[in-house]
Amino acid sequence: MSRFRFSLIGLKLALLGSLLTLAVIVSMAQALLRQAEAGLVAQMLLRAEAYARACREGMLPSIDPFALHFATHETRKEAAVDSARVLGLDGMVLSHTESARIGELDGSAESARAMAVASPMFEPRAQGGYEIAAPVLAGDRRLGAVRVVLTRQSIDRALGIVRRGVYGLTALATALNLIGALVLIGWIMKPITLMAEAARSV
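My aim in this report is to walk through the structure given alongside it, one point at a time. Note that the coordinates shown come from a computational prediction; the quantities given were computed from them, not determined experimentally. (Residues numbered from 1 in each chain as written. Predicted model: local features only at pLDDT ≥ 70, side-chain atom pairs only at ≥ 80, totals over all residues. Heavy atoms only, no water.)

## Describing the overall build of the protein chain
Here's step 1: The helix and strand inventory of the protein chain stands at five helices and five strands.
Here's step 2: Helices (α) and strands (β) of the protein chain occur, in sequence order from the N terminus, as α-α-β-β-α-β-β-β-α-α.
Here's step 3: Taken over 202 residues, the protein chain has a buried fraction of 34%.
Here's step 4: A total accessible area of about 11,900 Å² is found for the protein chain, and carbon and sulfur atoms account for 67% of it. (Helix = DSSP H or I, 4+ residues; strand = E, 2+ residues; numbered from the N terminus. Buried < 20%, exposed > 50% of the residue type's maximum accessible area, 1.4 Å probe, protein only. Areas by Shrake-Rupley, 256 points an atom, 1.4 Å probe, with all protein chains shown as cover.)

## Focus: the pairing of strand β1 (residues 83–88)
Here's step 1: Most of β1 is tucked away, with six of its six residues classed as buried.
Here's step 2: Covered by surrounding structure in β1 are Ser83, Arg85 and Leu87 together with Ala84, Val86 and Gly88, the residues of both alternating faces.
Here's step 3: Here β1 pairs with strand β5 (residues 141–150) via six bridges, running antiparallel. Paired with Leu87 across the bridge in β5 is Ala145.
Here's step 4: As paired strands, β1 and strand β2 (residues 93–96) are joined by three bridges and run antiparallel to one another. Across the sheet, Arg85 pairs through a bridge with His96, a residue of β2.
Here's step 5: The antiparallel pairing of β1 with β2 creates a hairpin that spans four residues between the two strands, and Gly91 there sits at a positive phi of about 90°. (Pairing = 2+ DSSP bridges.)

## Brief notes about the nonpolar core
Proteins that are soluble and globular tend to have nonpolar side chains buried together.
Here's step 1: Ranked by internal contacts, the top residues of the largest apolar core, which has 24 residues, are Tyr51, Cys55, Val86, Val136, Val146, Val148 and Leu150.
Here's step 2: When residues of this core are traced back to their parent elements, those giving at least two are α1 (2–59), α2 (65–76), β1, β4 (130–138) and β5.
Here's step 3: Among the elements that make up this core, the one with the highest residue count is α1 (eight residues).
Here's step 4: Beyond its immediate stretch of four places on either side in the chain, Val86 contacts Tyr51, Cys55, Met59, Leu68, Thr72, Met92, Val93, Leu94, Ser95, Ala145 and Val146.
Here's step 5: With seven residues, the next largest nonpolar core counts Leu87, Ala114, Ala133 and Ala145 among its residues. (Core = buried A, V, L, I, M, F, W, Y, C linked by side-chain atoms within 4.5 Å. Contact = heavy atoms within 4.5 Å.)

## Describing the sheet that holds β4
Here's step 1: In space, the five strands of this open sheet follow the order β2-β1-β5-β4-β3, with antiparallel pairing throughout. The open sheet is flanked by β2 and β3 (121–124), the only strands paired with a single partner. In this sheet, neighbouring strand axes are inclined to one another by 20° on average, regardless of whether the strands run parallel or antiparallel.
Here's step 2: Lying over the sheet, α2 contacts β1, β2 and β5, oriented at roughly 45° with respect to β2. (Axes fitted to C-alpha atoms, helices over the stretch in contact; angles between N-to-C directions.)

Listed below in structure tokens is the structure:
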């Protein structure tokens, strides 16, 4: 009975240690994922800037729908991008990943903010993800703006490999930690159990 009690104490200590370590591991995993997402957003900000430059070439000296569509299509190839569009000065959609939207007047608050930015910027979306905007400029002259939308689903898709890797390492570290804790507690508790039995036999 005494040996069973000591084994139970050892198991509880092992589990407690594993839970504390697991909390640290999970916290570190979440920090890594947040850092990966921040890096992705920074990369997409640069991509939006390149998108705006490509659109400038498609808007001078006159609007070239094919060039704008090509730039939009290339931007959409990014795994994190859910949609992309080019706006004219009047808010008209000159190019869009959804071809049915081309030619419509975009009066949304997001497009109004996109038309007002002086440099590439991003902001969180209420639905999750990010809204990225960049001005299309020719010197000091504004030609329009581009909008790139990253949804939570598209971000998760882009970070899928990173996320799976982090989760896999977390699971492996947790398993190794539990095994190590059980071995260590067993090693520590063995002499205590022997001493207890020796003391009882005296």
